[in-house]
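Results of the structural survey
Next come the chains, spelled out residue by residue.
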Amino acid sequence: MAEKKKGIHYAWWIVAGCCFMQACCLGLMMNSAGIFYTPVTEDLNIGLGPLALYVTVYFFVTTFTYPFVARILPKYNINIVLSVAVAICCVAMGLMSTYTSVWQWYVSGALYGIGGAFVFVVAATVLIENWFDKKRGLALGITQCCSGIGGAIFPIVGTMLINQVGWRSTYLILAVVAAVLVLPWTMFVFKYKPEDKGLKPYGYEEKKNTEGAVVSAYPGVPARKALITVAFWALFLYGGVEALMSGYNTHLPGFSVSIGLGDMFGSQMLSLSMIGYVFATVIMGWLTDKIGVVIPSFITLLITALSLFGFAVLRDQLPLSVCAFFFGTNSVIITISMATLVSEIFGKRDYAKILSYIRMSGCIAAFGSSAIGFVYDATGRFDISFYAGVAIIAICAVLVLIAVSQKKKIRETLWITTDAGPSDAQETGSSAKAQTT
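Residues numbered from 1 in each chain as written. Predicted model: local features only at pLDDT ≥ 70, side-chain atom pairs only at ≥ 80, totals over all residues. Heavy atoms only, no water.

**Looking at helix H12 (residues 262–291)**
- With 30 residues, H12 should reach 44 Å at 1.5 Å per residue; the first-to-last C-alpha distance of 42 Å fits that figure.
- Looking one or two places after H12, you find glycine 292, whose phi comes out positive at around 95°. (Helix = DSSP H or I, 4+ residues; strand = E, 2+ residues; numbered from the N terminus. Expected span 1.5 Å × (residues − 1).)

**Let's talk about the pattern of salt bridges**
- One pass over the full model with this rule turns up four salt bridges.
- Residue arginine 136 is joined to glutamate 129 by a salt bridge in which the shortest nitrogen-to-oxygen separation is 3.2 Å.
- Exposure remark for arginine 136: the relative accessible area of 23% places this residue in the partly exposed category.
- Since its relative accessible area comes to 4%, glutamate 129 is described here as buried.
- Salt-bridge contacts for lysine 348 lead to aspartate 133; the nearest nitrogen and oxygen are separated by 3.7 Å. Here aspartate 133 lies in the loop between helix H6 (122–131) and helix H7 (136–165) and lysine 348 lies in the loop between helix H15 (330–346) and helix H16 (351–359), a separation of 215 residues in the sequence.
- Note on lysine 348: relative accessible area 7%, which makes it buried.
- Under the relative-accessibility criterion, aspartate 133 is labelled partly exposed at 23%. (Salt bridge = Lys/Arg side-chain N within 4 Å of Asp/Glu carboxyl O. Buried < 20%, exposed > 50% of the residue type's maximum accessible area, 1.4 Å probe, protein only.)

**Some thoughts on unusual backbone geometry**
- For asparagine 45, which is not glycine, the phi dihedral falls at a positive 60°.
- Turning to its location among the elements, asparagine 45 is positioned in the loop between helix H2 (37–44) and helix H3 (48–75).
- For lysine 135, which is not a glycine, the phi torsion comes out positive at approximately 60°.
- Counting through the fold element by element, lysine 135 comes out in the loop between H6 and H7.

**Notes on the nonpolar core**
- Judged by nonpolar contacts, the single largest core of 132 residues is most densely connected at Tyr112, Val119, Phe120, Leu235, Tyr238, Phe311 and Phe346.
- Sequence-distant contacts of valine 119, that is, excluding residues within four places in its chain, are made with Met21, Gln22, Cys25, Leu82, Ala85, Val86 and Cys89. (Core = buried A, V, L, I, M, F, W, Y, C linked by side-chain atoms within 4.5 Å. Contact = heavy atoms within 4.5 Å.)

**A closer look at the packing of helix H11 (residues 246–258) against helix H17 (residues 368–379)**
- Closest axis-to-axis distance for the H11/H17 pair is 8 Å, and the angle between their directions is 25°. What the angle tells us is that H11 and H17 run roughly parallel. With respect to the hand of their crossing, H11 and H17 are arranged in right-handed fashion. On H17, the residues touching Gly247, Tyr248, Thr250, His251 and Ser258 of H11 are Gly368, Ser369, Ile372, Gly373 and Tyr376.
- Class assignment of the residues belonging to the contact of H11 with H17 gives a composition of three nonpolar, seven polar and no charged. (Axes fitted to C-alpha atoms, helices over the stretch in contact; angles between N-to-C directions. Parallel < 35°, antiparallel > 145°, perpendicular 65-115°, else oblique. Left-handed = near helix turned anticlockwise from the far one by under 90°. Nonpolar A, V, L, I, M, F, W, Y, C, P; charged D, E, K, R; others polar.)

**Examining empty space enclosed by the protein**
- Inspection of the entire model under this criterion finds two cavities of 30 Å³ or more.
- As for the largest cavity, its lining consists of 30 residues, and the residues nearest its centre are Leu26, Asn31, Phe59, Ala243 and Ser246.
- Those elements that place two or more of their residues in the lining of the largest cavity are helix H1 (10–30), H3, H11, H15 and H17.
- Ranked by residue count, the leading element in the lining of the largest cavity is H3, at five residues.
- Its residues placed into classes, the lining of the largest cavity shows 15 nonpolar, 13 polar and two charged.
- Estimates place the volume of the second largest cavity at around 40 Å³.
- Of all the secondary structure elements, the ones that give two or more residues to the lining of the second largest cavity are H6, H7 and H15.
- With three residues, H6 is the single largest residue contributor to the lining of the second largest cavity. (1 Å grid on protein atoms, 1.4 Å probe; cavity = no way out; pocket = protein on both sides within 12 Å on 5 of 7 lines; lining within 4 Å. Points joined across faces, edges and corners; volume = space filled by probe spheres on them.)

Without other data, these values stay purely geometric and don't point to any function.
Dropping the structure here:
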């Protein structure tokens, strides 16, 4: 029987908290990072490439932090874990207001890697996966679109602050804002799974197999078995290669300046991209609930490729604004497409572990932002990098095809329906034949 409770299901409070976390962590700290590039490099007389290397440091550190995320989130008090992670990220951003040498940004990049491995993507995705049995795509879309809302608002606000009080004060102000808006949720509201509050996931209905036994709310593939599948490694590469797209977001303001359209239009492009992301997340979340994740994934890849091509060949504000809006779709690939593909193929049983291991592929993208910066330093052009991005998207499409082609085989040979909570399943016994859930 589906769980019947009066009032708002606690799962929607989890969504609300995740919205603040995504807007003020991923949206503010990472999606808005590009607004600081030009003022910092001009003030300190350093190259764009060396500064952007702090994003590379972030990718490397977060890559080696993800395995700890997979084990820490299910095992320890999530309120303490996520609050500490958010605090680390806020401190990292606040420290940037004091820096005078480029290497110091690498310190903050490392701190971002430690704290951000928990709060930028994985925590919200795992919480939604655990708390929702129905409307999971919609909930994930709402949650992830808030990083776009934050990424749309904070670049404009941040640019205005930079022009008024300077980049140093702006770093500090935004760090305080993030702490004030996120920590109350991580400290007092979040719970790792519904059972921690005596609840079932939103929309949960008891299911039975053909023998009449109740099927677990968390069926799926054990992490150790998932690691040796073709689908896992296809998704691993997909996540890493596609993550290179994040480097383009940070360079939109610099791209605008390079073609003579100014830094304010560059900030507007970044904001338009985030607004596009907001619409894309809600639409893709809805589509995922309705028709599954595969077709929406290919649609987002195609839109991203066309947007990159537009950046390479167009030079007028209106068409570039359109491209920037639709380029926001690229972020949906990581935040929704990847997360739901993992669930679709491997299930809930060890979801946090499998997703965290796949997120380690961020090391592939470690040089994305800095590579674009070095290419520009050497050639004075961004279009070369945009053409390369189109090729990257084509590779992603092939990897998705490979991963989804393995779903039936995995369901038939590795799927387990014995009772086990999310990410804490005991991987004992042999593989069980798939049972319809």
